[in-house]
Amino acid sequence: KEEFFMELSKKKVLVFGTGKSGIGAAGLLLQKGASVVLYDGNQEKNADELRVQFAADAALEIVLGTLPESVMDTLDLVVMSPGVPCDLPEVLLMKEKGIRIWGEVELAYECGKGDVLAVTGTNGKTTTTSLLGAIMQAWKKEVYIVGNIGNPYTDAAPKMTDEAVTVAEISSFQLETIEKFAPKVSTILNITPDHLNRHHTMEEYIRVKELITENQTADDTCVLNYEDEILRKFGETLKTKVIYFSSLHKLEKGMYLDGKMICYSDGAEVTEICRTDELNLPGRHNHENVMAASAMALAYGVPVEVIRKVVKEFKAVEHRIEYVTEKNGVVYYNDSKGTNPDAAIKGIQAMDRPTLLIGGGYDKGSSYEEWIQAFDGKVKYLVLIGQTREKIAETARKLGFTDIVFAESLEEAVQFCADHAVSGDAVLLSPACASWGMFPNYEVRGQIFKELVRKL
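Worth saying up front: this structure is predicted, and the values here are computed from it rather than measured.

Undergrad: Would you explain the packing of aromatic side chains in this entry?
TA: Pairs of aromatic rings are described using the distance from one ring centre to the other and the angle between the two planes. Inspection of every chain in the model, using the stated rule, returns 10 aromatic pairs. Ring plane angle 80 degrees and centroid distance 4.9 Å describe the contact between Phe-16 and Tyr-39, whose orientation is recorded as edge-to-face. Within this pair, whereas Phe-16 is found in strand 1 (residues 12-16), its partner Tyr-39 is found in strand 2 (residues 35-40), the two being separated by 23 residues in sequence. Take Phe-16 and Tyr-39: they sit in the same class, and that class is buried. One aromatic cluster is present, built from ring pairs that chain together Tyr-368, Trp-371, Phe-375 and Phe-401. The aromatic ring of Tyr-226 is capped on one face by Arg-232, whose charged end is 4.2 Å from the ring centroid.

See below:
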């Protein structure tokens, strides 16, 4: 690893994307002595606002809008932000020119130290990562919880010692651009159709998710969902150790649910972890998240009593894709913390069933295209409240989504959803907007939603 960084100190590196991850990657590269071109295709971005995040004398050039080929021809390496698709014309041109392309995860891994435990999957990543992070923090001194969860991996990498344990939530976008990234323990929680606008085919999406095991060895472990047919078969092809978890089958070897007891069998001996009614995480999907995190921790050598204590105490993040209750086969989720389109995209991506979505609120001047595009065929009705409802409806219609209903209040929105949902559906409050004008803050909005749902 070091050799590459000795070289890097004289290299010219383009960082593609100026979000949190891009800024983190640029900062890390500058620390390593590289000269950096920070690039964003959006020419509306403010170069001065980007520059003030770095030292005045940093070896940094900012390019917005079109990327000149003359700049491209001077590059040694490109570091992609996870939100930037790898099939953009300029990225394809860089590939043609033979420029090395990494993701932000690969850069952080190359710079970091210690062991990595990595979580991917379509749904449940954030809960599993948070829970595994909490287990590790109860057992180890130096733990970093990074990645898609909102803490850039590149921010943590320079602080790591050899004793570090990094728990990383890794999205499919981040896996597209790995080279040497090799977790000690990985998991793929599940694979359902998602992000097909980005990966185009289900086969490609599956291939990218499975890359998490690409560099793992026979000493490493991959934890897989036995109930996911794709993953069950995939496990049979791996050179790593494999631990399956199952919410529906009693496994001879692996993590499984026996009635209400979560158990782990090593093939000879069965260890009881805890009962599902002792958890603060209701719902089968959450029991699977607990099994996955527990299996990863056991594979890494964490004592079972540490795991047991943490999983019983762990609480879901309130107002963040928070399970409220199930009524008549309809599951209700409170994602009031989804106060911008980006956060609300996570909310809808977490749904694995037809969804009645409540959105709208105070206008922060956001644009709603990407949020609407992320519906991916899952949304049955978009029920809109608040000041932004006309603006969101107009955007949705422009993109061909027309199942739109206006409600005068949150109460009316919840009632509409309850009347029109059928067993197997989800109702999700994930507004993509601030709460002001109707509520003092998102917490109050979430509390009121939960009260309305419980009263139904």
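Undergrad: Just to check I follow, could you spell out helix 13 (residues 284-299) for this structure?
TA: Because an α-helix packs 3.6 residues into every turn, residues spaced three or four apart end up facing the same way. A rise of 1.5 Å per residue sets the reference length of helix 13, with its 16 residues, at 22 Å; its end C-alpha atoms lie 22 Å apart and thus fit the reference within 8%. For helix 13, the buried fraction is high: 12 of the 16 residues fall into the buried class. By the burial criterion, the buried members of helix 13 are Asn-286, His-287, Glu-288, Asn-289, Val-290, Met-291, Ala-292, Ala-293, Ser-294, Ala-295, Met-296 and Ala-297. In the stretch just after helix 13, Gly-301 is the one whose phi turns positive, near 100 degrees.

Undergrad: In this structure, what is going on with helix 18 (residues 410-420)? I would like to understand it.
TA: Buried within helix 18 are the following residues: Leu-410, Ala-413, Val-414, Phe-416 and Cys-417. Down the axis of helix 18, the smallest arc covering the buried residues is 160 degrees, so these residues share one side. Structural note: helix 18 exposes Glu-411 and Asp-419 on the side pointing more than 90 degrees away from its buried face. Of the surrounding secondary structure, the elements contacted by the buried residues of helix 18 are strand 17 (355-359), strand 18 (379-384), strand 19 (404-406), strand 20 (426-429) and helix 19 (442-455).

Undergrad: Would you explain the sheet that holds strand 1 in this entry?
TA: Across a sheet, strands are paired by hydrogen bonds formed along the backbone, either parallel or antiparallel in direction. Strand order in the open sheet formed by 5 strands is 3-2-1-4-5, and the pairing between neighbours is parallel. The sheet terminates laterally at strand 3 (60-64) and strand 5 (100-103), the two strands that pair on one side only. Here the strands of the sheet are splayed against their neighbours by 20 degrees on average, with no regard to which way each runs. In this structure, strand 1 lies alongside strand 4 (residues 77-80), joined through 4 bridges in parallel fashion. If you follow Val-15 over to strand 4, its bridge partner there is Val-79. Of the strands in this sheet, strand 1, strand 2, strand 4 and strand 5 touch helix 5 (residues 89-96), which is tilted by about 155 degrees from strand 1.

About the criteria used
- Residue numbers run consecutively from 1 along every chain, following the written order of its sequence.
- Two thresholds apply to this predicted model, a pLDDT of at least 70 for residue-level local features and 80 or more for giving and counting side-chain atom pairs, whereas whole-chain, interface and lining totals are computed over all residues.
- Excluded from the side-chain calculation are hydrogens and water; included are all heavy atoms of the structure.
- Pairing of aromatic side chains requires ring centres within 6.5 Å, counting the rings of Phe and Tyr and the six-membered ring of Trp. Pairs whose planes differ by under 30 degrees are stacked, by over 60 edge-to-face, and all others tilted.
- For the purposes of this entry, the term helix denotes a DSSP run of H or I that reaches at least four residues, the term strand denotes a run of E that reaches at least two, and both are numbered from the N terminus.
- Throughout this description, buried means an accessible area under 20% of the type-specific maximum (1.4 Å probe, protein chains only), exposed means over 50%, and partly exposed covers the range between.
- We count a charge as sitting over a ring when the NZ of a lysine or the CZ of an arginine lies within 6 Å of the ring centre and within 35 degrees of the ring normal.
- Expected span, for any helix, means 1.5 Å times one less than how many residues it has.
- Summarising the geometry, the arc corresponds to the directions from the helix axis toward the C-beta atoms.
- The contact rule is simple, with two residues in contact once any of their heavy atoms fall within 4.5 Å.
- One bridge is not enough; two strands pair if DSSP finds at least two bridges between them.
- Only the stretch in contact is used when a helix axis is fitted, and all axes are lines through C-alpha atoms; the angle between N-to-C directions ranges over 0 to 180 degrees.

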